[in-house]
Structures are given as C-alpha cells and as structure tokens.
Amino acid sequence: MDDVATCFDYYADLAEKLDSRQYNSVDVGMEEFNVRVRREPLGAVALITPWNYPLLMATWKVAPALAAGNCCVLKPSEMASVTCLELAELAAQAGLPAGVLNVITGLGQDAGASLSSHPAVAKVAFTGSTVTGKRVAQAAIANLRPATMELGGKSCLIIFDDSDLDKAVEWVMFGAFWTNGQICSSTSRILVQERWVIRLGIGEQTNIQSNYCLWQQLLRQCSATRPAECTGLSCTDQNAQRYCTFHKHSTQDIQHCSTSLPAC
C-alpha cells in the first residue's frame, strides 16, 4: 500500500509541473515563426492489468494517465478485481468526477477484447502474457491506436566477479520465491561473470563447475523451503501446482548434477 500511495504522490507532483511546460517555445531557427508546444490529453484510455500485485499494477497505469488529464477505463484481471473496484470507490470519495476513472470486470475474451478493440479508445496499455498482448496490440492497430505492452519475459540476476557469494545466493532466493514467484522481476535466471571462476579459487575448472558452487548453495536454501505450506498465497490452484512442480524439478536437476561434479 505504501508503494501505491507513493506512486500517486509522484505523478501528482508531475501533474502540477505540466502547467509550467504548457506552451513552451521551440526555436526553429527562423525569427518569423513563433512555435509553441501545446500538450493535450489523449482522451479515454484502456488499461488492462494482471492478477499479480493487482492494485499496484493498476496504479502504475491509472496514476500517470490521470495526471496527464485522461479518462481511464481500467479492466483488472478477473482473478483479482476487488482492490481495483475499491480504488474506484476511493477515487469517488476523494472527489474525482464521475466517468474519469471507470472499472469494468469480466473475462479477457469478453471485457478485455471489447475494450481493446473499441474505436472510442485513444490508447491501450496492457500488462500480461505475450500471447494475450499480441491480440491486444492487433486490436489497437486495427483502429490505428497506440498501445504500450509490458509482456512476459525471463528476467535475470547478474553476478559480477566482485560480488559477495552469500549475498548473491540470498538475493537469488528472495527474488525467485518472493510471493511464490508470482512477480515479473523474478530472479529465476542467473548470469555469472566468467572471472568469477578465478575469484572462487577454482583454478582451471570449467564454468559449469564454478557455477555449480553457486547451485550447491542454492540447493541448501531450496531444501529449507516448504512450498506446500505457502501455496495458499498463490492466486489460483493452477499457479500453486506450477510452483510446486518448478520447485521439484529444479531440486532434482541440481541433485543430478551433484553426481558428476566435485563438491565446493
């Protein structure tokens, strides 16, 4: 909630500064021309957000859109809509005029598809899977509307040769299992600098062997986790099952490597 409040404060400050930038002059190198920039809101914008961090993700879209003077139609995930409905209620209580912030609920193929393809929408902003993002972008393109996409990917944590190994392991575990991995910046992929081998004093061993020292520490940390006890924090039973499956497979993979690589 602190992050949500901070986000609104940040864009409220930017909104106040917009007035000072209105009608800024532009030097085009010719005195006979008086060129100024007038900034205007786009209009009604469609905002489609995912189920993880539902209120914060919605705030990241709603706050800047409102600060720029736009009217918003927010469509949260059907799996996590309550906090966004509460946001609309709080906005009304704060005095936001009716129709400036609107929240619609429903399935993506119904509410989301209709919203992203509506001709009255001036822009579409979407956060979610790559597959769905392609459909949303294509719907916006059909109406020649701009669209911004924050889609699924594979983030990584980079470990440089001067890193503290214990701290690296700690942050890998934190980033990968925070909120059961239901986070776009999960550190479930690791890139290690080659010179890290020398720093560990492993000599001429291969990169696989040097990285294995890291995985051994990760294995000890993984063994201490209890995925079955925290799956209740998952958004859906399907996500909980995926989490347990990933945990099981990763542990098995590391244990399999231990049969062919030396201990550190």
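Think of each chain on its own: its residues are numbered from 1, step by step along the sequence as written. At least 70 in pLDDT is required for a residue's local features to be given in this predicted model, at least 80 for side-chain atom pairs to be given and counted, and no such filter applies to totals for whole chains, interfaces and linings, which use all residues. For the side-chain quantities, the full set of heavy atoms in the structure was used; hydrogens and water were omitted.

(A) A look at the sheet that holds strand 4 (residues 71–75). Criterion used throughout: strands pair if DSSP finds at least two bridges between them. For the purposes of this entry, the term helix denotes a DSSP run of H or I that reaches at least four residues, the term strand denotes a run of E that reaches at least two, and both are numbered from the N terminus. Judged by pairing direction, the sheet is parallel, and its 5 strands sit side by side in the order 5-4-3-6-7 without closing on themselves. Whereas interior strands pair on both sides, the edge strands pair on one side only; in this sheet they are strand 5 (101–103) and strand 7 (147–151). Recorded for the sheet is a direction-independent mean angle of 15 degrees between the axes of neighbouring strands. For strand 3 (residues 44–48) and strand 4, the ladder comprises 5 bridges, and the chain directions are parallel. Within strand 4, the position partnered with Ala44 by the bridge is Cys71. Here a residue-residue contact requires only that any non-hydrogen atoms of the pair lie within 4.5 Å. Each axis is a line fitted through C-alpha atoms, taken for helices only over the stretch in contact, and angles between the N-to-C directions span 0 to 180 degrees. Helix 3 (residues 82–93) rests against strand 4 and strand 5 of the sheet, and its axis sits at about 150 degrees to strand 5. Contacting strand 3, strand 4 and strand 6 (123–128), helix 4 (residues 108–116) crosses the sheet at an angle of about 155 degrees to strand 4.

(B) Examining the confidence of the model for the chain more closely. Confidence scores per residue from the predictor, reported as pLDDT, run from 0 to 100. Here the chain shows a mean pLDDT of 81. Residues at 70 or above account for 73%. Taken together, the stretch residues 200–210 has pLDDT below 50 and engages in 15 contacts with residues farther than four places along the chain or on a different chain. This stretch, residues 228–232, has a pLDDT under 50; its non-local contacts, to residues over four places away or in other chains, come to 6 contacts.

(C) Focus on helix 6 (residues 165–177). For helix 6, with 13 residues, the first-to-last C-alpha span of 18 Å sits near the 18 Å given by 1.5 Å per residue. Only protein chains enter the area calculation, which uses a 1.4 Å probe; residues under 20% of their type maximum are buried, those over 50% are exposed, and those in between are partly exposed. Within the span of helix 6, buried status applies to Leu165, Ala168, Val169, Val172, Met173, Gly175 and Ala176. Contacts described as polar in this section are N or O atom pairs within 3.5 Å, which, within protein, must combine one atom able to donate a hydrogen with one able to accept it, while residues neighboring in sequence count only if both atoms come from side chains. With a side-chain oxygen lying 3.0 Å from the backbone nitrogen of Lys167, the N-terminal cap of helix 6 falls on Asp164. Thr179 occupies a position one or two residues after helix 6 and carries a positive phi of about 50 degrees. Under the convention used throughout, the expected extent of a helix is 1.5 Å for every residue step, that is, one less than its residue count.

(D) Representation of the nonpolar core. Put simply, buried Ala, Val, Leu, Ile, Met, Phe, Trp, Tyr and Cys residues joined by side-chain atoms within 4.5 Å make one nonpolar core. Core analysis: the biggest nonpolar cluster contains 15 residues, and Val45, Leu47, Val62, Cys72, Leu74 and Leu101 have the highest contact counts within it. At the level of secondary structure, the elements contributing two or more residues to this core comprise strand 3, helix 2 (54–67), strand 4 and helix 3. In terms of nonpolar packing, the next biggest core, distinct from the first, is built from 9 residues, Ala46, Ile48, Val124 and Ala140 among them.

(E) Just the packing of helix 2 against helix 3, in detail. For the pair helix 2 and helix 3, interaxial distance at closest approach is 8 Å and the crossing angle is 50 degrees. Overall, the two elements helix 2 and helix 3 adopt an arrangement that is oblique. Of the two elements, helix 2 crosses helix 3, and the hand of that crossing is right-handed. Across from Pro54, Leu55 and Ala58 in helix 2, the residues of helix 3 making contact are Thr83, Cys84 and Leu87. Three categories are distinguished: nonpolar for Ala, Val, Leu, Ile, Met, Phe, Trp, Tyr, Cys and Pro, charged for Asp, Glu, Lys and Arg, and polar for the others, with Gly belonging to the last. Per-class residue counts for the contact of helix 2 with helix 3 are 5 nonpolar, 1 polar and no charged. If an angle is under 35 degrees, it is roughly parallel; if it is over 145, roughly antiparallel; if it lies from 65 to 115, roughly perpendicular; otherwise it is oblique. For any pair of crossing helices, the crossing counts as left-handed if the nearer helix is rotated counterclockwise from the farther one by less than a right angle, and right-handed if it is rotated clockwise.

(F) Summary view of unusual backbone geometry. The backbone of Tyr53 sits at a positive phi, close to 50 degrees, despite the residue not being glycine. Judged by relative accessible area, Tyr53 falls into the partly exposed class, the value being 28%. A positive phi angle, close to 55 degrees, is found at Leu144, a residue other than glycine. Considering the arrangement of structural elements, one finds Leu144 in the loop between helix 5 (130–142) and strand 7.

(G) Looking closely at the packing of helix 1 (residues 2–21) against helix 2. Running from N to C, helix 1 and helix 2 cross one another at 10 degrees; their axes reach a closest spacing of 9 Å. Relative to helix 2, the element helix 1 lies roughly parallel. Facing Asp3, Val4, Cys7, Phe8, Tyr11, Ala15 and Leu18 of helix 1, the residues of helix 2 in contact are Leu55, Leu56, Thr59, Trp60, Val62, Ala63, Pro64 and Ala67. Residue composition of the contact of helix 1 with helix 2, grouped by class: 13 nonpolar, 1 polar and 1 charged.

(H) Region of the structure containing a nonpolar patch on the surface. Only residues whose relative accessible area exceeds 30% and that form no salt bridge enter a patch; like-charged residues are grouped when within 9 Å of one another, and nonpolar side chains (Val, Leu, Ile, Met, Phe, Trp, Tyr) when within 5 Å. To be clear on the numbers: accessible area is Shrake-Rupley with a 1.4 Å probe, and residue cover counts the displayed protein chains and nothing else. Every case where a carboxyl oxygen of Asp or Glu lies within 4 Å of a side-chain nitrogen of Lys or Arg is listed as a salt bridge. On the surface, a cluster of nonpolar side chains totalling about 390 Å² of accessible area is made up of Val26, Val28, Met30, Phe33 and Val37. Relative to the helices and strands, Phe33 is located in the loop between strand 1 (24–26) and strand 2 (35–37).

(I) Representation of helix 4 in the model. Turning to helix 4, its buried residues number three or more, namely Ala111, Gly112, Leu115 and Ser116. In a view along the axis of helix 4, the buried residues occupy a sector of 120 degrees, so they form one face of it. Close packing links the buried residues of helix 4 with strand 3, strand 4, strand 6 and helix 5. Arc definition: it is the arc formed by the directions from the helix axis to the C-beta atoms.

(J) Region of the structure containing the pairing of strand 4. In terms of burial, strand 4 is largely enclosed, as 4 of its 5 residues are buried. Across 3 bridges, the pairing between strand 4 and strand 5 is parallel. Bridge assignment links Cys72 to a residue of strand 5, and that residue is Leu101.

(K) The arrangement of the packing of aromatic side chains in detail. Aromatic pairing here means that ring centres of Phe, Tyr or Trp (its six-membered ring) are within 6.5 Å. Orientation follows from the plane angle: under 30 degrees is stacked, over 60 is edge-to-face, and everything else is tilted. Applying the stated criterion across every chain yields a total of 2 aromatic pairs. Taken together, a centroid distance of 5.0 Å and an interplanar angle of 85 degrees make the contact between Tyr10 and Tyr11 edge-to-face. Judged by relative accessible area, which is 23%, Tyr11 ranks as partly exposed. Between Trp171 and Phe174 the ring centres are 5.4 Å apart and the planes differ by 80 degrees, which places this aromatic pair in the edge-to-face class.

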